[in-house]
Amino acid sequence: MPFADFHGNDEVVRSIREMLARDHFPHAVILSGPEGSGKFALAQMIAKTMNCLRQPSTDGLPDFCGACANCARIAQADPLDDRFVEAVEARENLRDADKRETRILVQTHPDVTIIPPDPPQMLVKVDQVRHIIREIYYRPSEGRHRVYIFSEANFMKEAANSLLKILEEPPDFATIFLLTNNPSALLPTIRSRCMHLRLSPLPPEAVERYLATARPELKPKERALVARLSAGGLGRARRIDLTQYLAARQDALALLGPALGEKDHSDLFRVTDSYRAGAEGKAKIENSIRTLYALLEDILFIKSGTPALVRNIDLEPQLRKMAEQVNFPWIVEAANRLGELESGLRRNLLRTLALDAFATSLERST
Ligand SMILES: [Zn+2]
């Protein structure tokens, strides 16, 4: 029952399967939706259905078996992060001359190709698109339909222009998917040549129900928190590391402490002192900044009378107290300072100093 494994967005999934049933699937599709909403999982399911050797149907609509040779080979790319890391490592191990010639692609089945953004810029490069142009007009070899999935459709300018050429005249037997959480960033000329399918975030209750089976180790209160932190994306809900999140949040609260009238700064200094140089410190501070934004947003939700949107629901009483202590201009100021902190850190300001400055600047502005 493979399509049945896709949770939520039932109407979008149904219309996709109806198009597959009519054998009228569009040749260029923008599949948009927030992070973790299942864009890639859905594109893979479509690729499998198009190429499944058994072609089962469920609820009277096309499905895929998940077990035939084509389904199995396509499924090897399901854990895309792993395949991506392998592709990048394989390139790293090449001689310099070959390295420059090698494009990052994931192809576990000859007719299904995934084009991830190319590191370190994490943009799709023109050579990746040229590779597609070279092969897309050949008939599928082991399946019935060629599928190209741009897993994050952020293109370098030249790459976007090259892509337009294929989108103008794609062959009948090929479909190109552009996955994005920000479709408005795509060129209008690209958007106008694609059908646009949108995945919506799921309501927190639906994510909670899903987590009850997907992450049975979580207690009900933890499920409620993770569901809200996931912003309606099941993939994100599966990946959230709650222990790490709670640690980052503890630090974020310590950073806000002085601004909210905490006279004892020892917590603050303990926290900022723990942010050392190096990759680990960088990841840690990025987590805390993201958490700080989320806390500020929650305070804003309470102040603007929409407490149902609060994500840190386990902290609601504390957040309400904070909301009473600050006004809207303070929240705006805090968000601006956070932005300054972020860009300061990109310029490699000494981390502990930047954090201390951030916390104390908020204190002055209350
Ligand atoms: Zn199959």
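Just above sits the structure.
Keep in mind the model is a prediction, meaning the values are calculated, not measured.

Cut-offs applied
Residues numbered from 1 in each chain as written. Predicted model: local features only at pLDDT ≥ 70, side-chain atom pairs only at ≥ 80, totals over all residues. Heavy atoms only, no water. Core = buried A, V, L, I, M, F, W, Y, C linked by side-chain atoms within 4.5 Å. Buried < 20%, exposed > 50% of the residue type's maximum accessible area, 1.4 Å probe, protein only. Helix = DSSP H or I, 4+ residues; strand = E, 2+ residues; numbered from the N terminus. Polar contact = N/O pair within 3.5 Å; in protein donor to acceptor, adjacent residues only side chain to side chain. Donors = N, O, S within 2.8 Å, 3.2 Å for Na, K, Ca; no water. Tetrahedral: all angles 85-135°; square planar, octahedral: opposite > 155°, others 65-115°. Phe/Tyr/Trp six-rings, centres within 6.5 Å; stacked < 30°, edge-to-face > 60°. Lys NZ or Arg CZ within 6 Å of the ring centre and 35° of its normal. Expected span 1.5 Å × (residues − 1). Arc of directions from axis to C-beta. Contact = heavy atoms within 4.5 Å.

A.B. asks: Tell me about the nonpolar core, and please be specific about residues and values.
C.D. replies: The biggest cluster of nonpolar side chains holds 33 residues, and the ones touching the most others in it are I16, F25, L42, I46, I149 and F177. Elements with a contribution of two residues or more to this core: α1 (10-21), β1 (28-32), α2 (39-51), α3 (69-75), β5 (112-115), β6 (146-150) and β7 (174-180). Here this core gets seven residues from one element, more than from any other, and that element is α2. Among the nonpolar cores identified, the runner-up in size contains 31 residues, and V310, V326, A354 and L362 belong to it.

A.B. asks: Let's hear about the environment of Q121: which residues, and what values?
C.D. replies: Here Q121 shows up in the loop between β5 and α6 (126-135). At a separation of 3.4 Å, a polar atom in the side chain of Q121 contacts the side chain of K125.

A.B. asks: Give me the lowdown on the coordination of the zinc ion, citing residues and values where you can.
C.D. replies: Around the zinc ion, the protein contributes the donor atoms C52 (SG), C65 (SG), C68 (SG) and C71 (SG), which lie 2.3 to 2.4 Å from the metal centre. Given four donor atoms and angles of 104 to 117° at the metal, the environment of the zinc ion is assigned as tetrahedral. Counting gaps between the donor residues of the zinc ion yields the pattern C-x12-C-x2-C-x2-C. Linking C52 in the loop between α2 and β2 (57-58) with C71 in helix α3, this pair joins segments that are 19 residues apart in sequence. Assessed through its relative accessible area of 1%, C71 is described here as buried.

A.B. asks: Account for the packing of aromatic side chains, with residues named and values stated.
C.D. replies: Tallied over the entire structure, the rule returns three aromatic pairs. Residues F150 and F155 carry aromatic rings whose centres are separated by 5.2 Å and whose planes lie at 55° to one another, so their mutual orientation is tilted. Side by side, F150 and F155 carry an identical accessibility label, which is buried. A cation sits over an aromatic face here: K303 above F328, 6.0 Å from the ring centre.

A.B. asks: How would you sum up unusual backbone geometry? Please name residues and give values.
C.D. replies: In this model, P119 is joined to P120 through a cis peptide bond whose omega is 0°. Locating P120 in the fold gives a position in the loop between β5 and α6. Here the phi dihedral of N9 falls at roughly 50°; this positive angle occurs in a residue that is not glycine. Among the structural elements, N9 can be located in the segment before α1. Judged by relative accessible area, N9 falls into the buried class, the value being 14%.

A.B. asks: So what's going on with helix α4 (residues 80-92)? Residues and values would help.
C.D. replies: Taking 1.5 Å per residue as the helical rise, α4 with its 13 residues ought to reach 18 Å, and the 18 Å between its terminal C-alpha atoms agrees with that figure. Here α4 has its buried residues at L80, F84, A87, V88 and R91. Buried residues of α4, seen end-on, are gathered within an arc of 95° and therefore sit on one face of the element. Of the surrounding secondary structure, the elements contacted by the buried residues of α4 are α2, α5 (96-101), β4 (106-109) and β5.

Keep in mind these numbers describe shape, not what the thing actually does.
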